[in-house]
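# Secondary and tertiary structure notes
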Amino acid sequence: MKIINTDINICQMGLVVLLIVLFPLNAIAEGGDRDNKKKKHRHKNKMQVEQPVDDGGDDGDPVVDDGGDDPVDPVDPVLTLAELGEAIYKDTNLSNPPGQSCESCHTASAGFADPDSDIATSEGAIAGVFGSRNSPTASYAQHIPAFRARVNGPGFVGGLFWDGRVNTLEEQAAGPFLNPLEMNNADEQEVVLKLSQAEYATSFEAIFGAGVFNDIELAYLSMTEAIAEFERTDEFSPFSSKFDAVIAGSDTFTEQEQNGFNLFVGDGQCSRCHAINQNPNLFTNFRYFNIGVPANPDNPFLTLDSTLNPDGAAFVDLGLGAVLNDDAENGKFRVPTLRNVGLTAPYMHNGVFATLNEVVDFYNTRDVNNVVPELDENVNNGGNIGNLGLSDDEVTDIVAFLHTLSDDLPAETDQ
Ligand code: HEC
Ligand code: HEC
């Protein structure tokens, strides 16, 4: 297995050793994941077999679907917590007006981000209303640690959202339903009423208790638990990319991908922040930086009226600085995972870059071209960031490597 060219400097040697040590470990971890997945599928098959309908076999079995005019329909199988979460995640009746679900902005085939890649940010349930930030992937979000101050130096790590303002998938899932720029329900009661009328309400009650819908707060919290459980399934963290196959020894990089990888950990200095010496490899150290991303004049949020965007076109996203009310953190955003990044265009918190080529070009030439940052405070100048001296071919090679991080995701979802 040839992961890294032999012409590497001493500093990279440490990384090489780490990679060699970690790759077999990963292979083992991966094996475990695959077993789990198999178990899950077996479980699904078993549920299908239990249903007294068409067995799918062409064995002349006369017991096939008779058109559904049975006097008594078979009782719906009770969903598991994760299956209930999936049903809620994909339920487009839970927005106001109906039509939008979590899945609308976090679709598997789009790397669990918004499939509408032409617009910088996502449209809410109300047509023409847009959020201020680009929808990040919901894949691998289960691995984001809670927000905390770093122990071995200044700054912060972890937390969900671009600015780390919540700590758990449960807290995160509580937000979109009530956000006027997203699913736009007036209050928790409105959401719970819809849950109580949904097809899966029986399962909801079976799992959380018969009276659960009478306690609005409990029902709402229970809903976030179910969604989070679904987001913790292997479906969201499949580790099924070409990169994973290469480290498991079952595939090899093309020469271009290999070169891109070498640059990613070498002259491109990407792995300083999009760390890969971790198990599992999530391509982020979860820290916060202002890397000097330019403002995006095409962000549709800038044109919203003053009730939704009081700052109008002058809006500047302070990121972590606004959460902590600390100027020293202004303009900083959490280093995102790069898994599935080939599927999640556009890029950066404000969706300013349409392609990965533009992203890598930005890192390569930010300072050469004097790119004006959205917020000119606390801009990171570590290493040669902004002036990497890469050739056009080398930029393309890094992009080719980034595409090896796309999982083998379903083209379309179940429902
Ligand atoms: C209208 C589009 C939209 C809808 C609907 C939506 N999201 Fe999001 N999601 C976003 C945006 C935009 C962000 C980033 C917001 C921010 O950083 O302030 C985000 C962030 C997230 C994150 C955090 C990812 C990270 O890297 O920190 C998760 C997880 C997530 N959403 C899951 C969900 C779930 C679950 C639902 C349904 C309850 C949902 N989203 C509904 C657009 C959407
Ligand atoms: C100093 C830390 C740092 C370094 C070094 C770094 N990045 Fe990033 N990267 C970030 C942060 C922080 C963001 C989010 C910035 C924002 O949205 O304002 C980001 C965002 C990205 C994105 C967009 C992801 C998305 O979902 O929108 C890509 C792609 C990316 N980086 C690739 C790279 C590559 C390739 C390199 C090396 C050439 C690199 N990064 C070097 C910190 C870093």
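See the structure above.
Attention in this report is confined to the structure presented alongside it. (Residues numbered from 1 in each chain as written. Chains lettered and ligands numbered in written order. Predicted model: local features only at pLDDT ≥ 70, side-chain atom pairs only at ≥ 80, totals over all residues.)

Now for the site of ligand 2. The immediate surroundings of ligand 2 are formed by 27 residues, with Cys-270, Cys-273, Tyr-347, Met-348 and His-349 found nearest. Residue contributions to the shell around ligand 2 peak at four residues, all from helix H11 (residues 356-365). Residue composition of the shell around ligand 2, grouped by class: 19 nonpolar, seven polar and one charged. (Near = placed C-beta within 6 Å. Helix = DSSP H or I, 4+ residues; strand = E, 2+ residues; numbered from the N terminus. Nonpolar A, V, L, I, M, F, W, Y, C, P; charged D, E, K, R; others polar.)

This part covers the site of ligand 1. The full set close to ligand 1 counts 27 residues, and Cys-102, Cys-105, Phe-161, Trp-162 and Pro-176 are the nearest of them. Looking at the shell around ligand 1, the elements that each hand over two or more residues are helix H3 (102-105) and helix H4 (169-174). Taken together, the residues of the shell around ligand 1 sort by class into 16 nonpolar, eight polar and three charged.

Packing of helix H9 (residues 255-265) against helix H12 (residues 392-403) brings their axes to within 7 Å, and their N-to-C directions diverge by 100°. Between H9 and H12, the crossing angle belongs to the class labelled roughly perpendicular. From H9, Gln-256, Glu-257, Asn-259, Gly-260, Phe-261, Leu-263 and Phe-264 reach across to H12, where they touch Glu-394, Asp-397, Ile-398, Ala-400 and Phe-401. (Axes fitted to C-alpha atoms, helices over the stretch in contact; angles between N-to-C directions. Parallel < 35°, antiparallel > 145°, perpendicular 65-115°, else oblique. Contact = placed C-beta atoms within 7 Å.)

This part covers the nonpolar core. Counting residues in each nonpolar core, the largest one holds 86 residues, and the members touching the most others are Ile-227, Ile-398 and Leu-402. Setting aside residues no more than four positions away along its own chain, Leu-402 makes contact with Leu-338, Val-341, Gly-342 and Leu-356. (Core = buried A, V, L, I, M, F, W, Y, C linked by C-beta atoms within 7 Å. Buried ≥ 20, exposed ≤ 12 C-beta atoms within 10 Å, placed from the backbone.)

Next up on the list: unusual backbone geometry. For the bond running from Asn-96 to Pro-97, omega is -5°, close enough to zero to count as cis. Along the chain, Pro-97 falls in the loop between helix H2 (81-89) and H3. With omega at 0°, the peptide bond leading from Ala-345 into Pro-346 counts as cis. Note on placement: Pro-346 falls in the loop between strand S4 (333-334) and H11. The phi dihedral of Phe-112 is positive, around 60°, even though this residue is not glycine. Tracing the backbone shows Phe-112 in the loop between H3 and strand S1 (148-149). Taking the C-beta count within 10 Å as the criterion, Phe-112 has 27 such neighbours and is therefore assigned buried. Positioned with a positive phi, Phe-161 is a non-glycine residue whose angle comes to about 75°. Within the element layout of this structure, Phe-161 appears in the loop between strand S2 (156-157) and H4. Judged by the 20 C-beta atoms lying within 10 Å of it, Phe-161 is buried.

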